[in-house]
Amino acid sequence: MGMTMMENLLARKAGVAQVKPGDLVTVEVDMCVMIDLQFATMWIQPSRIHNPDKVAVIMDHAVPAPTLKDAEGGPKARKFVADFGIEKFYDVGRHGICHQVIAENGLARPGEVLACTDSHTIAGGAYNAAARGLGPAEVYSILCTGATWFQIAPTVRYELTGELPPEISGKDVFLYIANTYGDATNQDIEFGGAGLASVPLNDRRTIATQCAEISADFATFGVDERLAQFLTDRGVHDYTPAEADPDAEYHDVRTVDLAALEPYVARPGTVSRNGVPVSQIEQKKIDQAFIGSCANGQLEDLRVAAAILRGRTVARGVRLLVTPASQQVYREAMRLGYLQDIADAGGVITNSTCGACFGYHMGVVGPGEVCLTASTRNFTGRMGSTEAQIYMASPATVAASAITGYISDPRGVTT
Amino acid sequence: MNTVITGRVWLFGDSINTDAMYPAFAMKLDIPEASKHVFYELRPGWTDRVEPGDIVIAGRNFGVGSSRPVAALFRHLGVAALIAEEFNSLFFRNAVNAGLPALTAPGVTELFSDGDRGRFDIATGEYRNETTGLSGEAQPLPPVILDILASGGILARLAGRGYLPIELLDVLRSGAIPQDTGSGA
């Protein structure tokens, strides 16, 4: 019987010939990524760990430390990496949001298993990895033992057709899927089809990242020429891609015509069956516009925002916040002039952090405010007050809306 | 390990997300303080009324969202188990890894009202509303999960196997997270 991409990957990692939905498998974890929050909230230094070469520590959620509690976590992280000889340590200054740092450093490898203490770890599926967010206690256990268990989930395959238009982003693709098909709780998602070749890597990562929002377990893309080149550029070699068998059995197969998509926006609360094409939304005034996070703080996101903002001005009464996803993205965006364009238009550039996306620091929203965000989540209260409304859209839509002052189709602003 | 959990139930709806149970502002607090904000917007004052041994029942897609350790807050409040029509898998794993029994029981929200007494056997999957007499059956938890629960959670199991200082075993089994233990190895 044929297996899906993820079934093939997990079967191989578990050392068994065949798996099917419902099976429990034990797998070795190839990369265990820990983040700053783990050290600030529940850190006990272990007596021994499995393998320091398979561990990375990334400072991202609360850096530079906004609270004393976070400040107390930093030294614990630094002591831990020093004591155990962990070389993959991304401290403040060479830091970034963990999923961006994972991508930049080739830590998510095709056909391999990556675990990390953040729910958007599923982002690594853009690189054909079995990447999944696990709780701090479980990641700690993987740190110690090098292994964990998974239950094989049924897979939904998205067959992408057509070409992605240049003004449509991965965010729009995802918001369309979430609005049309709803939650994928306890399911894996697989993306493929002839249209995939037209989807850039940054958009694939946006899509994979956001699959956490429809509650998926794993979301994976196959290895094609575009991904192979991306990996070569980052020094990733000698991997075994996970592929789907031609006769794989799926829970469902859904076709998405990329050429037919238009900019989407999700209304407050959830992305699941809660969206609308931007062209059809009522006039909605905004107070804060945010572009950032693991999903949309990538260099290409900043390029798109800068291109729309260049020579224009953020509307009075709107705060535009832009958070590069990593220090590397920040430096490159500065070198290329994107940050200058954004700041000249009236935008505020913050340091790289998870900050505003999770309502912890760097742009918390107040009661009665409306935020339009190109980040990961639009739960009630996610970015601050439970009386704030959080709409979600692409970086292009957010940048265009920051100029007009209300939620706007970027195709109308840039032409 | 006692695999039968009996207690008063609290009924919640579908797609209750992690931010509704563990908001960002509470992440700046220690666990005992943070636990006072569970369901802060959804059901204000709930943490004053929940009692040790109570059971939380929710609908579909329970716990969608963040990896933040919500189960530690439930354990601090004394919640004995989480039952749901359907769990987000990360949230489910977080619960059992924290030593908090979690059972997927399709149809369960139809059988209970707030305040009823429920009886759940996580090893057989059988459950019963002791107030109304209605009963149902869920898939029992597999041995790998029962083993983690029997250990008192994954950190306690690690302490038992020598990965963490053994003197922390009892406090880890209790579900508490030891503070100021940054020295270690």
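Residues numbered from 1 in each chain as written. Chains lettered and ligands numbered in written order. Predicted model: local features only at pLDDT ≥ 70, side-chain atom pairs only at ≥ 80, totals over all residues.

1. Looking at the nonpolar core
The biggest cluster of nonpolar side chains holds 202 residues, and the ones touching the most others in it are Cys32(A), Val33(A), Leu114(A), Ala305(A), Ile57(B) and Ile83(B). Counting the residues that make up this core, at least three belong to each of domain 1 (14-258) and domain 2 (264-409) of chain A. Discounting residues that sit within four places of it in the chain, Ile57(B) has contacts with Val9(B), Trp10(B), Leu11(B), Phe12(B), Ile83(B), Ala84(B), Val108(B), Thr109(B) and Phe112(B). (Core = buried A, V, L, I, M, F, W, Y, C linked by C-beta atoms within 7 Å. Buried ≥ 20, exposed ≤ 12 C-beta atoms within 10 Å, placed from the backbone. Domains from an automatic or database assignment. Contact = placed C-beta atoms within 7 Å.)

2. Description of the sheet that holds strand E8 (residues 155-161) of chain A
All names here are of chain A. With parallel pairing, four strands are arranged side by side in an open sheet as E10-E9-E8-E11. If you trace the sheet from one side to the other, it starts and ends with strand E10 (219-221) and strand E11 (252-257), each paired once. For this sheet, the mean angle separating the axes of adjacent strands, direction not counted, is 20°. Relative to strand E9 (residues 188-192), E8 is paired through five bridges, and the arrangement is parallel. Opposite Arg 157, over in E9, you have Glu 190 as the bridge partner. Lying on the sheet, helix H1 (residues 5-14) is in contact with E8, E9 and E10; it crosses E9 at an angle near 115°. (Pairing = 2+ DSSP bridges. Helix = DSSP H or I, 4+ residues; strand = E, 2+ residues; numbered from the N terminus. Axes fitted to C-alpha atoms, helices over the stretch in contact; angles between N-to-C directions.)

3. Digging into the interface of chain A and chain B
With 39 residues of chain A in contact, the opposing surface of chain B contributes 40 residues. Secondary-structure elements contributing two or more residues to the side of chain A that touches chain B are helix H3 (68-84) and helix H5 (136-145) of chain A. For the side of chain A that touches chain B, the element with the highest residue contribution is H5(A), accounting for six residues. Looking at the side of chain A that touches chain B residue by residue, the classes come out as 14 nonpolar, 16 polar and nine charged. (Nonpolar A, V, L, I, M, F, W, Y, C, P; charged D, E, K, R; others polar.)

4. Some thoughts on helix H4 (residues 70-77) of chain B
Residue and element names in this part refer to chain B. Of all eight residues in H4, seven are buried, a share of seventy percent or more. Looking at the buried positions of H4, the neighbouring elements they touch are helix H1 (18-21), helix H2 (31-34), strand E3 (81-84) and helix H5 (89-97). Where H4 ends, the next residue or the one after it, Gly 78, has phi of about 90°, a positive value.

5. Comments concerning the sheet that holds strand E5 (residues 117-121) of chain B
Residues and elements named next belong to chain B. The seven strands lie next to each other as E4-E3-E2-E1-E5-E6-E7, forming an open sheet whose pairing is mixed. What marks the edges here is a single partner per strand, and that holds for strand E4 (102-104) and strand E7 (135-137). If you compare each strand with its neighbour and ignore which way they point, the axes differ by 25° on average. With three bridges joining them, strand E6 (residues 126-129) and E7 adopt antiparallel strand pairing. For Tyr 127, the partnering residue across the bridge sits in E7 and is Gly 136.

6. Side note on the pairing of strand E5 (residues 113-116) of chain A
Residue and element names in this part refer to chain A. Where burial is concerned, the two faces of E5 agree: the one with Val 113 and Ala 115 and the one with Leu 114 and Cys 116 are both buried. With three bridges joining them, strand E2 (residues 31-35) and E5 adopt parallel strand pairing. Bridging from a neighbouring strand, Cys 32 pairs with Ala 115 of E5. With four bridges connecting them, E5 and strand E6 (residues 130-133) associate as parallel partners. Across the sheet, Leu 114 pairs through a bridge with Ala 131, a residue of E6.

7. Comments concerning the domain arrangement of chain A
All names here are of chain A. Looking at chain A, the domain boundaries give domain 1 (14-258) and domain 2 (264-409). The partner domain 2 presents 33 residues to the 34 residues of domain 1 that form the contact. The element that contributes the greatest number of residues to the side of domain 1 that touches domain 2 is helix H6 (residues 170-181), accounting for six residues. Each residue belonging to the side of domain 1 that touches domain 2 can be placed in one class, and the counts come to twelve nonpolar, 14 polar and eight charged.

8. Some remarks on unusual backbone geometry
For the bond running from Val63(A) to Pro64(A), omega is -20°, close enough to zero to count as cis. Here Asn186(A), not a glycine, exhibits a phi torsion of approximately 60°, which is positive. Position of Asn186(A) relative to the elements: it lies in the loop between H6 and E9. Using a count of 19 C-beta atoms within 10 Å as the deciding quantity, one classes Asn186(A) as partly exposed. Unusually for a residue other than glycine, Ser15(B) sits at a positive phi of about 50°. Inspection of the secondary structure puts Ser15(B) in the loop between strand E1 (4-11) and H1.

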